[in-house]
Amino acid sequence: MDEQELVGKLKQGEIQAYEYLFDQYYDWLCNYIFQLSGDRNLSKDIVQDVMVKIWEKKKQITIKGSLKGYLFKSCHNQFLQQLRKQKKQPDLLDKIRWDTIYESYFEQKEDDTYLNSTLVKLEELIDKLPPKCKEIFIMNKLERRKYREIAQDMGISIKTVENQMSKALRIIRENASILMF
């Protein structure tokens with residue numbers, strides 16, 4: 001069955017055409033995504049998601065070019081979306097962690113010795129940051145200022161603020177084992 005005929009039968013909702021598509025391309029697509037991700041289960045999940053979407057939207061599918069190229073691009077895009085989701089998760093965890101530190105820092109109780117010792121250790125880590133890096137970190141995480149505000153106040157670019165924050169967070173993460181949180 002050629003690609004044009006296969007796409008036509010898919011649009012008509014023929015289950016045999018879908019099964020043929022699945023049989024012909026599933027393993028090849030899984031191997032491609034596995035080469036990108038190194039995760040066999042993730043590869044299978046991504047390809048299965050793409051195949052399900054193709055079936056669900058079979059009547060709207062418009063393929064310009066080859067079916068194989070369309071499947072390849074669809075799986076590749078799905079993989080990129082997965083990467084973006086994974087990147088956001090640590091960012092969210094960092095945000096929650098820093099929100100907790102912020103609240104603890106300004107609302108600490110004198111009798112909370114564990115929290116106080118953790119905050120002292122955090123202050124020591126912050127003090128070890130390079131001066132510009134430290135200043136930007138404090139403005140962002142403790143004073144809750146946005147990158148744009150910091151850049152304007154310091155007369156630097158937003159990109160410089162981003163770079164300094166990345167540097168500060170990297171240094172703190174590398175030494176976070178002493179914070180134990």
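This structure is a prediction, so every number in the text was calculated from the model and none was measured. (Residues numbered from 1 in each chain as written. Predicted model: local features only at pLDDT ≥ 70, side-chain atom pairs only at ≥ 80, totals over all residues. Heavy atoms only, no water.)

Engineer: Pulling in residues and values, what's your account of the overall build of the protein chain?
Structural biologist: For the protein chain, the helix and strand inventory stands at eight helices and zero strands. Secondary structure of the protein chain in N-to-C order comes out as α-α-α-α-α-α-α-α. In the protein chain, buried positions account for 31% of the 181 residues. Intrachain contacts of the protein chain at a sequence separation of at least 6 include 60% that bridge at least 24 residues. (Helix = DSSP H or I, 4+ residues; strand = E, 2+ residues; numbered from the N terminus. Buried < 20%, exposed > 50% of the residue type's maximum accessible area, 1.4 Å probe, protein only. Contact = heavy atoms within 4.5 Å.)

Engineer: Explain the packing of helix 7 (residues 147–154) against helix 8 (residues 158–174) residue by residue, including any values.
Structural biologist: Helix 8 packs onto helix 7 with a crossing angle of 110° between their chain directions and a minimal axis gap of 8 Å. Classed by the angle they form, the pair helix 7 and helix 8 counts as roughly perpendicular. Helix 8 is crossed by helix 7, and the crossing has right-handed handedness. Seen from helix 7, the contacting residues are Tyr 147, Arg 148, Ile 150 and Ala 151; seen from helix 8, they are Ile 158, Val 161, Glu 162 and Met 165. (Axes fitted to C-alpha atoms, helices over the stretch in contact; angles between N-to-C directions. Parallel < 35°, antiparallel > 145°, perpendicular 65-115°, else oblique. Left-handed = near helix turned anticlockwise from the far one by under 90°.)

Engineer: Give a detailed account of the packing of aromatic side chains, specifying residues and quantitative values.
Structural biologist: Taken as a whole, this structure holds five aromatic pairs when the rule is applied. Considering the side-chain rings of Phe 22 and Tyr 26, the 4.6 Å spacing of their centres and the 15° angle between planes classify their relative orientation as stacked. One end of the pair, Phe 22, and the other, Tyr 26, are both in helix 2 (residues 15–37), four residues apart, so they sit about a helical turn from each other. Relative to Phe 72, the ring of Trp 28 has its centre 6.3 Å away and its plane inclined at 40°; by these criteria the two rings are tilted. Taken together, the positions of Trp 28 in helix 2 and Phe 72 in helix 4 (residues 67–107) put the pair 44 residues apart, joining distant regions of the chain. Here the aromatic cluster, defined as three or more aromatic residues joined through ring pairs, consists of Tyr 18, Phe 22, Tyr 26 and Trp 55. Here the guanidinium or amino end of Lys 58 rests over the ring plane of Trp 55, the centre of that ring lying 4.0 Å away. Residue placement shows Lys 68 over the ring face of Trp 28; its charged tip is 4.7 Å from the ring centre. (Phe/Tyr/Trp six-rings, centres within 6.5 Å; stacked < 30°, edge-to-face > 60°. Lys NZ or Arg CZ within 6 Å of the ring centre and 35° of its normal.)

Engineer: Please give an account of the packing of helix 1 (residues 3–11) against helix 2 that cites residues and values.
Structural biologist: Between helix 1 and helix 2, whose axes approach to 8 Å, the crossing angle comes to 130°. With respect to their mutual orientation, helix 1 and helix 2 come out oblique. Contact residues: helix 1 offers Glu 3, Leu 6, Lys 9 and Leu 10, while helix 2 offers Ala 17, Tyr 18, Tyr 20, Leu 21 and Tyr 25.

Engineer: Go over the environment of Ile 15 with me, naming the residues and quoting the values.
Structural biologist: When you line up the elements, Ile 15 lands in helix 2. On the basis of relative accessible area, Ile 15 is assigned to the partly exposed category, the value being 40%. Linking Ile 15 and Trp 55, residues 40 residues apart in sequence, is a C-alpha distance of 9.1 Å.

Engineer: I'd like a description of the environment of Asn 140, backed by residues and values.
Structural biologist: Considering the arrangement of structural elements, one finds Asn 140 in helix 6 (residues 131–142). Remark: the alpha-carbon pair of Asn 140 and Met 165, spanning 25 residues in sequence, is separated by 8.3 Å. With residues near it in sequence (within four places) discarded, Asn 140 still touches Arg 145, Tyr 147, Ile 150 and Met 165.

Engineer: Requested: an account of the pattern of salt bridges, with residues and values cited.
Structural biologist: Counted according to the given criterion, the structure contains five salt bridges. For the salt bridge of Glu 5 with Lys 9, the shortest nitrogen-to-oxygen distance reads 3.5 Å. Residue Glu 5 and its partner Lys 9 are both found in helix 1; the two are separated by four residues, about one turn of the helix. Judged by its relative accessible area of 38%, Glu 5 falls in the partly exposed class. Salt bridges sharing partners connect three or more residues here, namely Arg 145, Glu 149 and Asp 153. (Salt bridge = Lys/Arg side-chain N within 4 Å of Asp/Glu carboxyl O.)

Engineer: An account of the nonpolar core is needed here, citing residue identities and associated values.
Structural biologist: Most often, soluble globular proteins have nonpolar side chains that are buried together. Grouped together as the largest cluster of nonpolar side chains are 23 residues, with contacts concentrated most on Leu 21 and Val 47. Secondary-structure elements contributing two or more residues to this core are helix 1, helix 2, helix 3 (40–56) and helix 4. Ranked by residue count, the leading element in this core is helix 2, at nine residues. With residues near it in sequence (within four places) discarded, Val 47 still touches Tyr 26, Leu 29, Cys 30, Ile 33 and Cys 75. Counting 17 residues, the second largest nonpolar core, distinct from the first, contains Cys 133, Ile 136, Ala 168 and Ile 171. (Core = buried A, V, L, I, M, F, W, Y, C linked by side-chain atoms within 4.5 Å.)

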